Amino acid sequence: TLNRRKASKLQIMKKKILINTSFAITTIVLLIWIALLIFVEPWVARKIEKGLNEKLKDYTISISKVNVSLIRCSIELERIKIFSNDSSIIKNSFLKGEIASIKFKRINLWRAAFKKDIDISEVLISYSKIDGNVPFPEKSFPLVVSPFNIQIDRIFFDKIELTIAN
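Residues numbered from 1 in each chain as written. Predicted model: local features only at pLDDT ≥ 70, side-chain atom pairs only at ≥ 80, totals over all residues. Heavy atoms only, no water.

Here we come to the overall build of the protein chain. When you go through the protein chain residue by residue, the secondary structure sums to two helices and five strands. Ordering the α and β elements of the protein chain from the N terminus gives α-β-β-β-α-β-β. Counting the 166 residues in the protein chain, one finds 24% classified as buried. The long-range share in the protein chain, meaning contacts at least 24 apart out of those at least 6 apart in sequence, stands at 61%. About 12,900 Å² of surface is accessible on the protein chain, with carbon and sulfur atoms providing 62% of the total. (Helix = DSSP H or I, 4+ residues; strand = E, 2+ residues; numbered from the N terminus. Buried < 20%, exposed > 50% of the residue type's maximum accessible area, 1.4 Å probe, protein only. Contact = heavy atoms within 4.5 Å. Areas by Shrake-Rupley, 256 points an atom, 1.4 Å probe, with all protein chains shown as cover.)

See the structure below:
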């Protein structure tokens, strides 16, 4: 009977340790998820907007929402609006567009954080509508496509409506 009591107490202690460990892990995961929602996602949205708007002075870009997934190493930008500013390099040109979402899948976080390179396996651009008038300039000038060093393996478009006039 003494051995049974010790074995029973040992089993109860093991169960308590398992329950406490499970509770601690669940709490940590929940706190990380809440921190992503409250702090990281808005910060990422502001950082991307600021970086693009500083480098692409002829255009203004706004992003309504950002979803960050650390588990899948992905970022989704939602309701992106692009429009040209009045101080465009090319006279008589305008551009305006809306993109429902852009999903960046399997981002190499190590290279993005430490090497300032962005390596993305797949980009999915969904429901985009871009209208514009871009006359050919008399002089050529270098265009900045992105202020970042980006490598993308595959780009997919889902429902794109593009109207560009000259």
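Right, let's get into the sheet that holds strand S2 (residues 74–84). Within a beta sheet, neighbouring strands are joined by backbone hydrogen bonds and run either parallel or antiparallel to one another. Reading across the sheet, the five strands line up as S1-S2-S3-S4-S5 and stay open at both edges, with mixed pairing between neighbours. A single partner strand is all that each edge strand has here, and the edge strands are strand S1 (59–69) and strand S5 (149–165). Taking the axes of each pair of neighbouring strands and ignoring which way they run, one obtains an average angle of 15 degrees across the sheet. Two strands pair when backbone bridges link them, and S2 and strand S3 (residues 94–107) are joined in this way by eight bridges, in the antiparallel orientation. Counterpart to Leu 77 in the pairing with S3 is Ile 102. (Pairing = 2+ DSSP bridges. Axes fitted to C-alpha atoms, helices over the stretch in contact; angles between N-to-C directions.)

This part is about the pairing of S2. Two strands pair when backbone bridges link them, and S1 and S2 are joined in this way by ten bridges, in the antiparallel orientation. In the strand pairing of S2, Ile 63 is matched with Ile 80.

Core analysis: the biggest nonpolar cluster contains 18 residues, and Val 66, Leu 77, Ile 80, Ile 102, Phe 104 and Val 123 have the highest contact counts within it. Looking at this core, the elements with two or more residues in it are helix H1 (2–55), S1, S2, S3 and strand S4 (117–133). Discounting chain neighbours no more than four positions away, the residues touching Ile 80 are Ile 61, Ser 62, Ile 63, Gly 97, Glu 98, Ile 99, Ser 101 and Ile 102. (Core = buried A, V, L, I, M, F, W, Y, C linked by side-chain atoms within 4.5 Å.)

Per the stated rule, a full pass over the model turns up four salt bridges. The salt bridge involving Arg 79 is made with Glu 78; its shortest N-O contact spans 3.9 Å. Across the pair Glu 122 and Lys 105 runs a salt bridge whose closest N-O atoms are separated by 3.5 Å. You can see Glu 122 sitting in strand S4 and its partner Lys 105 sitting in strand S3, a full 17 residues away along the chain. Judged by relative accessible area, Glu 122 falls into the buried class, the value being 14%. Linked by salt bridges that have partners in common, Lys 105, Arg 106, Glu 122 and Arg 154 make up one network. (Salt bridge = Lys/Arg side-chain N within 4 Å of Asp/Glu carboxyl O.)

In this section: a nonpolar patch on the surface. Nonpolar side chains collect at one region of the surface, where Val 134, Ile 150, Ile 152, Ile 155, Phe 157, Ile 160, Leu 162 and Ile 164 lie side by side and expose about 690 Å² of accessible area between them. Within the secondary structure, Ile 155 is located in strand S5. When its relative accessible area of 45% is taken as the criterion, Ile 155 is described as partly exposed. (Patch = residues over 30% accessible without salt bridge, like charges linked within 9 Å, V, L, I, M, F, W, Y side chains within 5 Å.)

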